[in-house]
Amino acid sequence: IHEDDLGYKAMQDREYEKNRQEVKKRIEERDALKVKYSGLTRNDLCGCGSGVKFKKCCLPKIEEIIYK
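Residues numbered from 1 in each chain as written. Predicted model: local features only at pLDDT ≥ 70, side-chain atom pairs only at ≥ 80, totals over all residues. Heavy atoms only, no water.

Below, the discussion takes up the overall build of the protein chain. For the protein chain, the helix and strand inventory stands at 2 helices and 0 strands. Over its C-alpha trace the protein chain gives a radius of gyration of 20 Å, far above what one expects of a compact globule, namely 11 Å for 68 residues. Based on the C-alpha atoms only, the size of the protein chain along its principal axes is roughly 65 × 15 × 15 Å. Each of the 68 residues in the protein chain was classed as buried or not, and the buried ones make up 12%. Taken as a whole, the protein chain presents about 5,800 Å² of accessible surface, with 53% of it coming from carbon and sulfur. Measuring between centres, the 16 positive side-chain charges of the protein chain sit 12 Å from its 13 negative side-chain charges. (Helix = DSSP H or I, 4+ residues; strand = E, 2+ residues; numbered from the N terminus. Rg over C-alpha atoms; globule rule 2.2 N^0.38 Å. Buried < 20%, exposed > 50% of the residue type's maximum accessible area, 1.4 Å probe, protein only. Areas by Shrake-Rupley, 256 points an atom, 1.4 Å probe, with all protein chains shown as cover. Lys, Arg positive; Asp, Glu negative; His and termini not counted. Charge placed at Lys NZ, Arg CZ, Asp CG, Glu CD.)

What follows is the structure, encoded as structure tokens:
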């Protein structure tokens, strides 16, 4: 093992940890949205309080977060 190999391994470990933290954050955000909007159907008023139907207000944003 060369010194360069160890530096590369450390760099890979940092990138892996960064990616893992990003994925964990997205999962927590998705779960929070699921809890907040659970029980709503497309034609109910949106849970954010805008007075607009859920399908026109927050549903597209939530689907983008969940399925990206």
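We are not done yet, so read on.
Taken as a whole and assessed by the stated rule, the structure comprises 3 salt bridges. Between D13 and K9 there is a salt bridge; the shortest N-O distance is 3.2 Å. With D13 and K9 both in helix α1 (residues 3-36), this residue pair falls 4 residues apart, about one helical turn. According to the relative accessible area criterion, D13 is partly exposed, its value standing at 39%. For K9, a relative accessible area of 44% corresponds to the partly exposed category. A salt bridge links R30 to D31, with the shortest nitrogen-to-oxygen separation between them at 3.4 Å. (Salt bridge = Lys/Arg side-chain N within 4 Å of Asp/Glu carboxyl O.)

What follows covers the packing of aromatic side chains. Under the criterion given, the structure shown has 1 aromatic pair. Residues Y37 and F54 carry aromatic rings whose centres are separated by 5.4 Å and whose planes lie at 25° to one another, so their mutual orientation is stacked. With Y37 in the loop between α1 and α2 (59-67) and F54 in the loop between α1 and α2, this pair connects stretches of sequence that are 17 residues apart. Here Y37 matches F54 in class, with each residue buried. (Phe/Tyr/Trp six-rings, centres within 6.5 Å; stacked < 30°, edge-to-face > 60°.)

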